[in-house]
Amino acid sequence: METRHQAVTLFTALSLLIGIIVIIQLWLVAAALDALLSGQPSVLVPAAIASMFLLLINGGLLVLIIRLDNRLRRQPNQ
Amino acid sequence: MPAKHPDPVIASNESRTRNVPRWEEDFPIQMEGDHYVTRREFAKFLTLGSALLAAANAVIAFVGLRQSKQQFAPRLIPRASSMPQGGSTLFRYPTDQDPCILVRSANGDLLAYSQVCTHLSCAVVHQPDQNQLFCPCHRGSFSESEGRPIAGPPTRRLPRIKLEQRGDDVYAVGIEV
């Protein structure tokens with residue numbers, strides 16, 4: 001069972017991971033927009049699929065955070 | 001009433017044993033509890049941003065697929081066949097809001113491009129003596145033969161207009177981005 005102090009550290013690590021994924025998604029949007037304006041539509045669908053996959057990972061990490069938070073709220077005094 | 005523990009983390013945990021409502025936990029007094037809530041909310045906010053970026057990528061893919069399948073009606077370019085070598089004329093294609101430029105190169109080829117500079121959308125002009133299309137706003141240049149950027153800030157080529165000769169008339173029939 002985690003203490004709230006440990007949870008802060010865990011949340012920081014998970015937020016960092018989510019942040020890195022968001023930056024990759026931001027890069028994907030910029031690259032896709034550039035490809036669209038340059039007339040290279042072949043890369044647009046793979047970029048969208050990759051972005052969706054990264055969203056799924058982020059969703060999974062958020063579920064992890066919510067479960068951890070709920071567990072911490074139910075936890076008795078330590 | 002029992003005394004509050006001096007350690008804020010333990011004090012924060014102790015507060016949960018006293019049937020504290022959920023909303024009260026989200027507005028903690030202790031710094032440690034505040035960090036906890038801030039990081040949790042930040043993670044939720046980042047995931048929302050992630051969803052928006054994924055949606056933006058999907059929209060870009062949809063627009064790209066739609067654009068690649070789009071067909072435009074042919075449009076006659078007036079006085080195109082009588083244009084001398086090194087000459088140029090302006091026309092609109094595929095709509096009246098899309099300015100284009102038709103040039104006749106030194107070897108007699110007819111070439112047409114969008115007149116909108118790919119840098120910041122100024123109108124490009126033909127410079128037959130240098131075989132290039134020149135953007136006067138930021139001194140960008142595109143090659144006359146392919147429309148590729150050769151100097152200045154533009155990084156993308158000019159969209160090329162496909163031409164079709166029908167008798168003495170020249171028609172714009174499509175766009176090659």
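The structure under discussion appears in the preceding block.
Figured I'd write up the structure that's included with this text. Everything numeric here is computed off the predicted structure, so don't read it as measured data. All residue numbers refer to positions counted from 1 along the written sequence of the respective chain. By the order in which they are written, chains take letters starting at A while ligands take numbers starting at 1. Whole-chain, interface and lining totals are the exception, using all residues; otherwise, since this is a predicted model, local features are given only for residues with pLDDT of at least 70 and side-chain atom pairs are given and counted only at 80 or more. Side-chain numbers here rest on the full set of heavy atoms in the structure, without hydrogens or water.

1. Considerations on the layout of surface pockets
Cavities and pockets are defined on a 1 Å grid built over the protein atoms alone: a cavity is a set of grid points where a 1.4 Å probe fits but cannot escape, while a pocket is an open set with protein on both sides within 12 Å along at least five of seven lines, and lining residues are those with an atom within 4 Å of any such point. Grid points are joined across faces, edges and corners, and a volume is the space filled by probe spheres set on the points. The space that makes up the largest pocket amounts to roughly 910 Å³. Listed by contribution, the elements that provide at least two residues to the lining of the largest pocket are α1 (4-37) of chain A together with α3 (31-69), β3 (99-104), β9 (160-166) and β10 (169-176) of chain B. Taken together, the residues of the lining of the largest pocket sort by class into 16 nonpolar, 12 polar and 4 charged. Only DSSP runs of H or I covering at least 4 residues are called helices, and only runs of E covering at least 2 are called strands; the numbering of each starts at the N terminus. Classification convention: Asp, Glu, Lys, Arg as charged; Ala, Val, Leu, Ile, Met, Phe, Trp, Tyr, Cys, Pro as nonpolar; all other residues, Gly among them, as polar.

2. Concerning the sheet that holds strand β1 (residues 75-77) of chain B
Residue and element names in this part refer to chain B. If DSSP finds at least two bridges between two strands, the strands pair. Within the open sheet, the 6 strands sit side by side as β1-β10-β9-β4-β3-β2. Their pairing is antiparallel. Two strands bound the open sheet, and with one partner strand each, they are β1 and β2 (88-92). Taken pair by pair, the neighbouring strands of this sheet meet at an average axis angle of 35°, ignoring direction. Geometry is summarised by axes, namely lines fitted to C-alpha atoms with helices restricted to the contacting stretch, and by angles between N-to-C directions that run from 0 to 180 degrees.

3. A short note on the sheet that holds strand β6 (residues 132-135) of chain B
In any sheet, the strands associate via hydrogen bonds between backbone groups, in a parallel or an antiparallel arrangement. All names here are of chain B. Strands sit in the order β5-β6-β7-β8 across an open sheet of 4 strands; the sheet is antiparallel. Unpaired on one side and paired on the other, β5 (125-127) and β8 (149-151) mark the two borders of the sheet. Each neighbouring strand pair of the sheet contributes to a mean axis angle of 40°, computed without reference to strand direction. In this structure, β5 lies alongside β6, joined through 3 bridges in antiparallel fashion. Within β6, the residue paired with His126 across the bridge is Leu133.

4. Side note on the environment of B:Ala43
With respect to the helices and strands, the residue B:Ala43 is situated in helix α3. B:Ala43 has contacts with A:Ser15, A:Ile18, A:Leu62 and A:Ile65, leaving out every residue within four places of it along the chain. Should any heavy atoms of two residues lie within 4.5 Å, those residues are considered in contact.

5. Let's talk about the interface of chain B and chain A
The accessible area lost on association of the parts is a frequent measure of interface size. Taken together, the contact pairs 37 residues of chain B with 41 residues of chain A. Here the quantity called buried area is the accessible surface, traced with a 1.4 Å probe, that two parts lose on coming together, added over both. Approximately 3,600 Å² of surface area, both sides summed, lies buried where chain B meets chain A, with 64% of it carried by carbon and sulfur atoms. The working definition used for a salt bridge is a side-chain nitrogen of Lys or Arg within 4 Å of a carboxyl oxygen of Asp or Glu. Our count for the chain B to chain A interface comes out at 1 salt bridge. Think of a polar contact as two N or O atoms within 3.5 Å of one another; within protein, one of them needs to be a possible hydrogen donor and the other a possible acceptor, and neighboring residues in sequence only count if both atoms come from side chains. At the boundary of chain B and chain A, one finds 4 residue pairs in polar contact (both at pLDDT 80 or more). The element best represented in the side of chain B that touches chain A is α3(B), accounting for 25 residues. Across the side of chain B that touches chain A, the residue classes tally to 16 nonpolar, 11 polar and 10 charged.

6. A look at the packing of aromatic side chains
Residue and element names in this part refer to chain B. Two rings from Phe, Tyr or Trp (for Trp, the six-membered ring) form a pair when their centres sit within 6.5 Å of each other. Planes less than 30 degrees apart are called stacked, planes more than 60 degrees apart edge-to-face, and all others tilted. According to the stated counting rule, one finds 1 aromatic pair over all chains in the structure shown. Between Phe72 and Tyr93 the ring centres are 6.2 Å apart and the planes differ by 75°, which places this aromatic pair in the edge-to-face class. Separated by 21 residues along the polypeptide, Phe72 in the loop between α3 and β1 and Tyr93 in the loop between β2 and β3 bring together distant segments of the chain. By relative accessible area, which is 28% here, Phe72 ends up partly exposed. Residue Tyr93 is classed as buried on the basis of its relative accessible area of 1%. By definition here, charges over rings are those cases where NZ of Lys or CZ of Arg is within 6 Å of the ring centre and within 35 degrees of the ring normal. The ring centre of Tyr171 lies 4.5 Å from the NZ or CZ of Arg166, which sits over that ring. Per-residue accessibility, obtained with a 1.4 Å probe over protein chains only, is compared with the maximum for each type, and a residue is labelled buried under 20%, exposed over 50%, and partly exposed between these values.

Scope: geometric values only; no functional claims are made or implied.
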